[in-house]
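This is what each chain is made of:
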Amino acid sequence: MSPRGPGIALAGVGLSLGGTKVLADVSLAVRPGSIHAIVGPNGGGKSSLLRCLLGQMPHRGRIVLDWPGEAGRIAYVPQALQFDTGLPMTVRDFLATLSGERPAFLRPRPATLARIEAQLEHMGLAGKADRRMGALSGGERQRVLLAQALDPAPDLLILDEPMAALDEAGARMIEAVLQELRAQGVTVLWVEHDLAAVRRLADRVTALNRGVVFEGEARSVLTPERVLDLLSHRAAA
Amino acid sequence: MFDDFLIRAALAGIGVALAAGPLGAFVVWRRMAYFGDATSHAAILGVALALASDLPVGLGTLAVALLMALTVSSLAARGWAMDTTLGVLAHSALAFGLVAVSFVPGVRTDLSAYLFGDILAVSAADLVFIWGGAALVVALLIWRWSALLTSTLNEDLAHASGLDPDRERLILTLALALTVAVALKVVGALLIAAMLIIPAAAARGLARTPESMAVLAALIGGAATLGGLQLSLLYDTPAGPSIVAAAALAFAASATLGKLRRT
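Residues numbered from 1 in each chain as written. Chains lettered and ligands numbered in written order. Predicted model: local features only at pLDDT ≥ 70, side-chain atom pairs only at ≥ 80, totals over all residues. Heavy atoms only, no water.

Participant: Just to check I follow, could you spell out the overall build of chain B for this structure?
Facilitator: Along the backbone of chain B there are 12 helices and 0 strands. What you see in chain B, going N to C, is helices and strands ordered as α-α-α-α-α-α-α-α-α-α-α-α. Its C-alpha atoms give chain B principal-axis dimensions of roughly 55 × 45 × 30 Å. Counting across all 263 residues of chain B, residues that qualify as buried make up 53%. (Helix = DSSP H or I, 4+ residues; strand = E, 2+ residues; numbered from the N terminus. Buried < 20%, exposed > 50% of the residue type's maximum accessible area, 1.4 Å probe, protein only.)

What follows is the structure, encoded as structure tokens:
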């Protein structure tokens, strides 16, 4: 199947925040329709790189999305939500708000509501539509975030440590979703700490610690020595 | 029969509550309480500059509050620690404002009106300014409701959904500066943040949706205005602080009710 997701090219991307160099001269290429993982230590700039890609950080260098045809849908699963957990918002309201079909102060259309129920069922969250977002466990919230990203179907999916709060069943579900997306030709850019999952699922991997430390085929490049070097900061840029 | 000045005071307070309630809901959801405080403290500097340059006080307040909010947002975006930046700017603006006011002849005796409000001296022209400003804030919030809510949930997520979170933050900042300008005469610079935060916090435990929380916050703010004015009449207490005290009682009642519901 020909890829429907874009290729991504980053050239000389740099970012400084408050005098601290967060990213320095990052260049990498993501192939269209592939699963590309970004790994590295905490504070290595992985999430910042995603935020640059989303246009949320004023960075140096160039980031180009090369779509096969017309630009498609970019979906994003953040690591966490920032709002006050007391916000009186149910899971259904949350998904309806993000679907963009909810005019101010009006209930969503019946078709939207039916789609939300189906999304939740697909993510193993049937019956949770009336729960408050703030009352969900970390894993449940992560599944809701994934649900919003998958409908409408994305062409580029950006994931920021989606497995961090998930139990084993949740992690298996993410793996199934990633394989499904690869079969559909969706490009996936995936920041992840679980290196075993990266070896199993990613096509290519880039190790990041402010700069690119190494990159290559996920199955072969993540050797124990390289991983130890990366995570013990010996390879700091 | 109520006196005219009391009716004007009640109308002014309700006007402020209509804007501050829904806006306060966003302040609470986005954890911007200290941001609201800083913007309102800066209003005193606006008062001083307006009095020194013979401009309308509302305009001076609006300009300085907006400048303060934009400065804080821009410094935070550059990686400055938000709480320290707010602490430095808020108190500096208040201090510089108080110093500057002391240089303006004939103003020193009226300073408490700007610090704690003078709702009983609201004129018909003030009412037009307050209701005009409040209507603008409410219109802004209704117009941008879905986008503001999505940006509040997660700015990156909002950006991926095709929204511009920076623009939504700017709209919220503008609404905040407008609310500070219209609320100055009602509760004063030191207590404006209370009218933003307390009614919204009281509504949070009772509401089932974001929209109902915004409406409830406005209603609680309006009720606190009427209750505070009544308190002020009965016990000859200062009106602005009495309104905030009434809002605080509403918060305590809501928190107790919420606790009883859970047990």
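Participant: It is not clear to me how the overall build of chain A should be interpreted in this structure. Could you clarify?
Facilitator: Check the secondary structure of chain A and you find 8 helices and 9 strands. Taken over C-alpha atoms, the radius of gyration comes to 18 Å for chain A, in line with the 18 Å a tight globule of 237 residues would show. C-alpha atoms of chain A, sized along the principal axes, occupy 50 × 40 × 35 Å. Per-residue burial over chain A gives 52% buried out of 237 residues. Of the contacts made within chain A by residues no fewer than 6 positions apart, 68% connect residues no fewer than 24 positions apart. Of the roughly 10,100 Å² of accessible surface on chain A, 51% is carried by carbon and sulfur atoms. (Rg over C-alpha atoms; globule rule 2.2 N^0.38 Å. Contact = heavy atoms within 4.5 Å. Areas by Shrake-Rupley, 256 points an atom, 1.4 Å probe, with all protein chains shown as cover.)

Participant: What should I look at first to understand the confidence of the model for chain B in this one?
Facilitator: Low pLDDT means the predicted coordinates in that region are not meant to be read closely. Residues with a pLDDT of 70 or more make up 96% of chain B, whose mean pLDDT is 88. Listed scores for the predicted complex are pTM 0.83 and ipTM 0.77. (pLDDT = per-residue confidence, 0-100.)

Participant: Teacher, can you tell me more about helix H6 (residues 124-143) of chain B here?
Facilitator: Helical geometry: 3.6 residues make up each α-helical turn, so side chains three or four residues apart lie on a common side. Residues and elements named next belong to chain B. Compared with an ideal rise of 1.5 Å per residue, which puts 20 residues at 28 Å, H6 spans 28 Å between its outermost C-alpha atoms and is within 8% of the ideal. Looking only at H6, the buried set comprises Asp-126, Leu-127, Ile-130, Gly-133, Ala-134, Val-137, Leu-140 and Leu-141. Buried residues in H6, looked at end-on, bunch into an arc of 170 degrees, giving them a common side. Counted as exposed and oriented over 90 degrees from the buried face of H6: Ala-124, Ala-125, Val-128 and Trp-143. (Expected span 1.5 Å × (residues − 1). Arc of directions from axis to C-beta.)

Participant: What should I look at first to understand the pattern of salt bridges in this one?
Facilitator: Charged atoms that come close allow side chains of opposite charge to pair. Following the criterion strictly, the structure yields 19 salt bridges over all chains and no others. Close ionic contact of Arg51(A) with Asp156(B) constitutes a salt bridge, the shortest N to O distance being 2.9 Å. Of the two residues, Arg51(A) sits in helix H1 (residues 46-53) while Asp156(B) sits in helix H8 (residues 155-160), which places them in two different chains. For Arg51(A), a relative accessible area of 23% gives the class partly exposed. Between Arg204(A) and Glu217(A) there is a salt bridge whose closest N-O contact spans 3.3 Å. One end of the pair, Arg204(A), is in strand S8 (residues 204-209); the other, Glu217(A), is in strand S9 (residues 211-217), and 13 residues separate them in sequence. With relative accessibility at 18%, the residue Arg204(A) sits in the buried group. When salt bridges with common partners are traced through the structure, they connect Arg30(B), Glu155(B), Asp166(B) and Arg169(B) into a single cluster. (Salt bridge = Lys/Arg side-chain N within 4 Å of Asp/Glu carboxyl O.)

Participant: I would appreciate a short explanation of the packing of aromatic side chains in the present structure.
Facilitator: What characterises a pair of aromatic rings is the spacing of the ring centres plus the angle enclosed by the ring planes. Here the structure, examined in full by the defined rule, presents 3 aromatic pairs over all chains. Ring pairing ties together the aromatic residues Phe26(B), Trp29(B) and Trp145(B), which thus form one cluster. Over the ring of Phe214(A) we find Arg226(A), and its NZ or CZ is 5.3 Å from the ring centre. It is Arg144(B) that lies over the ring of Trp143(B); its NZ or CZ is 4.9 Å from the centre. (Phe/Tyr/Trp six-rings, centres within 6.5 Å; stacked < 30°, edge-to-face > 60°. Lys NZ or Arg CZ within 6 Å of the ring centre and 35° of its normal.)

Participant: Help me understand the UniProt feature "transmembrane region" (unreviewed entry) in chain B in this model?
Facilitator: All names here are of chain B. Feature annotation in UniProt places "transmembrane region" (unreviewed entry) on residues 6-29, 41-68, 88-107, 119-143, 170-201, 213-233 and 239-258, given in this structure's numbering. Helix makes up 100% of residues 6-29 and strand makes up 0%, while its end C-alpha atoms are separated by 34 Å. Note that residues 119-143 is 80% helix and 0% strand, and that its end C-alpha atoms are spaced 30 Å apart. (UniProt positions renumbered as here; feature names shortened; annotations may be inferred.)

Participant: How do you make sense of the interface of chain A and chain B when you look at a structure like this?
Facilitator: Quoted interface sizes are often the accessible area lost when the parts come together. Counting from both sides, the interface comprises 30 residues of chain A and, opposite them, 27 residues of chain B. Across the interface of chain A and chain B, roughly 2,600 Å² is buried in total on both sides, 56% from carbon and sulfur atoms. The tally of links between chain A and chain B comes to 1 salt bridge. For the side of chain A that touches chain B, the element with the most residues is helix H2 (residues 91-99) of chain A, which contributes 4 residues. (Buried area = accessible area lost by both parts, 1.4 Å probe.)

Participant: Explanation requested: helix H10 (residues 192-204) of chain B in the structure shown.
Facilitator: Residue and element names in this part refer to chain B. Taking 1.5 Å as the rise per residue, H10 with 13 residues should run 18 Å; its terminal C-alpha atoms sit 19 Å apart, in good agreement. Counting buried positions over the 13 residues of H10 gives 11, a clear majority of the element. Every buried residue belonging to H10 is among Ile-192, Ala-193, Ala-194, Met-195, Leu-196, Ile-198, Pro-199, Ala-200, Ala-201, Ala-202 and Ala-203, and all of these are buried.

Participant: How do you make sense of the sheet that holds strand S1 (residues 7-17) of chain A when you look at a structure like this?
Facilitator: Neighbouring strands of a sheet are bound in pairs by backbone hydrogen bonds; such pairs are parallel or else antiparallel. Residues and elements named next belong to chain A. Spatially, the 3 strands line up as an open sheet ordered S2-S1-S4, and their pairing is antiparallel. Two strands lie at the open edges of the sheet, namely strand S2 (20-30) and strand S4 (60-66), each paired on one side alone. Here the average twist between neighbouring strands, direction ignored, is 15 degrees. As judged from the 6 bridges shared by S1 and S4, these two strands associate in the antiparallel manner. (Pairing = 2+ DSSP bridges. Axes fitted to C-alpha atoms, helices over the stretch in contact; angles between N-to-C directions.)

Participant: For this particular structure, what's the right way to read the environment of Ser40(B)?
Facilitator: Inspection of the secondary structure assignment puts Ser40(B) in helix H2 (residues 33-52). Residues within four places of Ser40(B) in sequence aside, it is in contact with Val180(B), Ala189(B), Ile192(B) and Ala193(B).

Participant: Any chance you could explain the domain arrangement of chain A here in plain terms?
Facilitator: Residue and element names in this part refer to chain A. Along its sequence, chain A is carved into domain 1 (1-73 + 153-237) and domain 2 (84-151). Distance from the C-alpha centre of domain 1 to the C-alpha centre of domain 2: 26 Å. On the side of domain 2, 11 residues touch domain 1, which itself brings 17 residues to the contact. When the two sides are added together, the surface that domain 1 and domain 2 hide from each other amounts to roughly 1,000 Å², 65% of it contributed by carbon and sulfur. Our count for the domain 1 to domain 2 interface comes out at 1 salt bridge. (Domains from an automatic or database assignment.)

Participant: When you look at the sheet that holds strand S3 (residues 35-39) of chain A in this model, what are you seeing that I'm missing?
Facilitator: Residue and element names in this part refer to chain A. Spatially, the 6 strands line up as an open sheet ordered S5-S6-S7-S3-S8-S9, and their pairing is mixed. This sheet does not close on itself; its edge strands, each paired only once, are strand S5 (74-77) and S9. Strand-to-strand twist across the sheet, computed as the mean angle between neighbouring axes with direction ignored, equals 15 degrees. Here strand S6 (residues 156-160) pairs with strand S7 (residues 187-191) via 5 bridges, running parallel. Bridged to Leu-156 within S7 is Thr-187.

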